[in-house]
There are 2 protein chains.
Amino acid sequence: MKATIYDVAREAGVSIATVSKVINSKGKISEERRREIFAIMERLQYQPSVIASALTGKHTYTLGLLIPDIANPFFGEVARAVEDRGHQLGYSVIICSTDNKDERIEQYLSVLKQKRVDGIMIGTGMGNADTLRELRGAMPVVAIGRELPAVPVHAVVADDRQGGRSAAEHLLLLGHRRMAVLSEGMAVSSSRDRLHGFRQKLEEEGVPLPERHVRPCKHRIEHAKREAAVMLEGSDRPTAIFCCNDLLAVGALQAAKEAGIKVPGELSVVSFDNTVLASVTDPPLTSVAQPMERIGAAAVDLLLEQFGQGAAPARRRVTLRTELVVRASTALAPHNE
Amino acid sequence: MKATIYDVAREAGVSIATVSKVINSKGKISEERRREIFAIMERLQYQPSVIASALTGKHTYTLGLLIPDIANPFFGEVARAVEDRGHQLGYSVIICSTDNKDERIEQYLSVLKQKRVDGIMIGTGMGNADTLRELRGAMPVVAIGRELPAVPVHAVVADDRQGGRSAAEHLLLLGHRRMAVLSEGMAVSSSRDRLHGFRQKLEEEGVPLPERHVRPCKHRIEHAKREAAVMLEGSDRPTAIFCCNDLLAVGALQAAKEAGIKVPGELSVVSFDNTVLASVTDPPLTSVAQPMERIGAAAVDLLLEQFGQGAAPARRRVTLRTELVVRASTALAPHNE
DNA sequence: CTGAAAGCGCTTACAG
DNA sequence: CTGAAAGCGCTTACAG
């Protein structure tokens, strides 16, 4: 049978209270006793039960992470960052891939509550504002990667607007004037902000961005490819496309290839996220990098900060800068106008 | 304060034992009472504490998943499959990215024990056989994706040998005779088996595979690129390369491009895993697909099967077939010999 | 069909 | 510096 605190106490000839204290470095215990007790724990292969200690009102040292899909490289990298920071601080993370489905979200939330996790990070859409409001009343929550509409919660996000701007700046500097955008659904705040920043910069420079050149896409390569193909038809086609994530950019690349349009010679493509995909395509993608490591770490920190405090302190936002990583998918605009 | 089983019992005018029974569908409770109690639980927003119930000797309904890196697309897909199957059956999964480092492995294992997870899936290397032996004595374990040396544990793996064979068959059919292999370290059983199957098939057909054309690589694109570049020097260079995973194949593709060697015209590349990367490169990769979904699901099933049984039942292995997915990175061998 | 009581393995005041 | 006792929120025989 597994050793318990009673076994350790008996061996050491002390009370379980004393053992508990040495485990948690609390109270004053003579150095000698503490050594002895550690030795006994070692010998008995004693592993204190987090379950039992959690029941006594302490933390479970477990966090929940809601994301659309852990198999998506972007979320995989974010999850890794969350995991690492959590691990450093003594927390484990339970992954919850929601596919952005309300049903799965509710199920996972219920499970996480029953397991009494110490807090939840939400990187997925949340259709139901009531659910979120209720959740926020029950435990610390932080939005990660995107804002959650309707309910004010802490959030850590990339500076999507500035990221969009820097994509625009890059293309403008290369002389592009006819541009297009492949965006995600407008329900996603991060995607809206990227587009907003991009468009704003173009407006400042007096470069038009016709509505028909802004196409929202589902989060799938084939879909992006189809949308891009449509954009690339006709003679007044754009010389540059800004894609709101790497997957969309892959679709754009494939569409261009099928249409016999050379990237970057005849078409520049700027992407967003800078996941591993960006370095794997041919040509490799110029991409606005999100600081995924820092996003993950900040989310954990923001979550843990809330432990001390009572219910719902002032809302906090952490915005992290993006950085344009230039690769081979962008070049000077063709001057055959 | 959070509602407890006592609150529900009080409201319903019954004992906590009765409430417990309706929660767990145990014993005989009149239909009327059961409805009433459910209604009260609903009204009180009662969420039974998994913590408390776990302490009573039941399961924690939490599983541990050890993998090298959740940010690696292959493991991300496996993790997703594990998560889904676990979720279906009422289990959560804690991710543990080990980077194959013994220190991290030990830390995570210790945490998982303290949290009393119901079982552990190991998809990472395990240098220390003693650790594993000890672990296996303490709780259900299954190896996932590769064998664990030295200690017999249940395992679910792809049929790597057959996968290697089918890669070879494909290339032979296309007329290739001068082949090379980019493999992972030989410590990894799956990589060994892939190479073994590949080589065996070649031998059967009397096609040589010179030792200098078999190069072990680290799990990084740049490293693979460098190794491939060396292989592609000289005039007797291979007309086909078999890469033991998608990342290595990306490296090979990049090396070929830099050397001005056309894929698939002058060089065919076959990959293994068939992660999202395989469909993103240019040309997209012909790849031996691992059935990641089924691997993940089988691992969970194999783990849960052990719950009923006493310590260490007979060792079981589940081997799942691979499938060659042909894309555009392979073609007929050039006949300019 | 229902309930009283013991017990799971800890932590936390409180007393000494 | 150390220990006795209550309590965390459940489940499980056992008795009725």
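In case you missed it, the structure is sitting above this.
The following paragraphs examine the structure supplied in this document. Since this is a predicted model, take the numbers as computed values, not measurements. Residue positions within a chain follow its written sequence, with the count starting from 1. Chains carry letters and ligands carry numbers; both start at the beginning, A for chains and 1 for ligands, and go up in the order they are written. Given that this is a predicted model, residues contribute local features only at a pLDDT of at least 70 and side-chain atom pairs are listed and counted only at 80 or more, while totals for whole chains, interfaces and linings are drawn from all residues. No hydrogens and no water enter the side-chain calculation; it runs on all heavy atoms of the structure.

### What to know about the sheet that holds strand 12 (residues 323–325) of chain B
Residue and element names in this part refer to chain B.
- Should DSSP find at least two bridges between two strands, the strands are taken to pair. What counts as a helix is a DSSP run of H or I of at least four residues, what counts as a strand is a run of E of at least two, and both are numbered from the N terminus. Taken together, six strands build an open sheet; the order of strands is 7-6-8-9-10-12 and the sheet is mixed. The sheet terminates laterally at strand 7 (214–216) and strand 12, the two strands that pair on one side only. Across the sheet, the mean angle separating the axes of adjacent strands is 20° when strand polarity is ignored.
- As defined by bridge partners, strand 6 (residues 179–183) adjoins strand 8 (residues 240–243) across four bridges and the pair is classed as parallel. Within strand 8, the position partnered with L182 by the bridge is C243.
- Contacts are assigned to residue pairs with any non-hydrogen atoms lying within 4.5 Å of each other. Note on definitions: angles span 0 to 180 degrees between N-to-C directions of axes, and those axes are lines fitted to C-alpha atoms, for helices only across the stretch in contact. Lying over the sheet, helix 8 (residues 160–173) contacts strand 6, strand 8, strand 9 (268–273), strand 10 (286–289) and strand 12, oriented at roughly 160° with respect to strand 9.
- Taken strand by strand, helix 9 (residues 189–204) contacts strand 6, strand 7, strand 8 and strand 9, and its axis lies near 170° from that of strand 6.

### Examining the protein's contact with DNA strand C
- The near set for a molecule or strand comprises every residue that places at least one heavy atom within 4 Å of it. Around DNA strand C sit 28 residues, and of these I5, S20 and K26 of chain A together with T18 and R33 of chain B come closest.
- In DNA strand C, the atoms that sit within 4 Å of the protein are 70% sugar and phosphate, with bases accounting for the remainder.
- Between a phosphate oxygen of DNA strand C and a side-chain N or O atom of S20 of chain A, the distance comes to 2.4 Å.
- Measuring from a phosphate oxygen of DNA strand C, one finds a side-chain N or O atom of Y46 of chain A at 2.9 Å.
- Contributions of two or more residues to the surface near DNA strand C are made by helix 1 (5–12), helix 2 (16–23) and helix 4 (50–55) of chain A together with helix 2 (16–23) of chain B. For this analysis, a polar contact is any N or O atom pair within 3.5 Å, provided that within protein one partner can donate a hydrogen and the other can accept it, and provided that sequence-adjacent residues contribute only side-chain to side-chain pairs.

### A few points about the side chain of T62 of chain A
- Within the element layout of this structure, T62 of chain A appears in strand 1 (residues 62–67).
- Burial classification: accessible surface area is computed with a 1.4 Å probe over protein chains only, and a residue below 20% of its type maximum counts as buried, one above 50% as exposed, and the rest as partly exposed. Assessed through its relative accessible area of 8%, T62 of chain A is described here as buried.
- Not counting residues within four places of it along the chain, the set of residues in contact with T62 of chain A comprises Y91, S92, I94, V117, D118 and G119 of chain A together with K115 of chain B.

### Observations concerning the protein's contact with DNA strand D
- Around DNA strand D, 28 residues are found, and the nearest of them are T18 and R33 of chain A together with I5, S20 and T56 of chain B.
- Sugar and phosphate atoms constitute 70% of the interface atoms of DNA strand D, taking the interface as everything within 4 Å of the protein.
- Here a phosphate oxygen of DNA strand D sits 2.7 Å away from a polar atom, N or O, in the main chain of I5 of chain B.
- Separating a base oxygen of DNA strand D from a side-chain N or O atom of T56 of chain B is a distance of 3.1 Å.
- At the level of secondary structure, the elements contributing two or more residues to the surface near DNA strand D comprise helix 2 of chain A together with helix 1 (5–12), helix 2 and helix 4 (50–55) of chain B.

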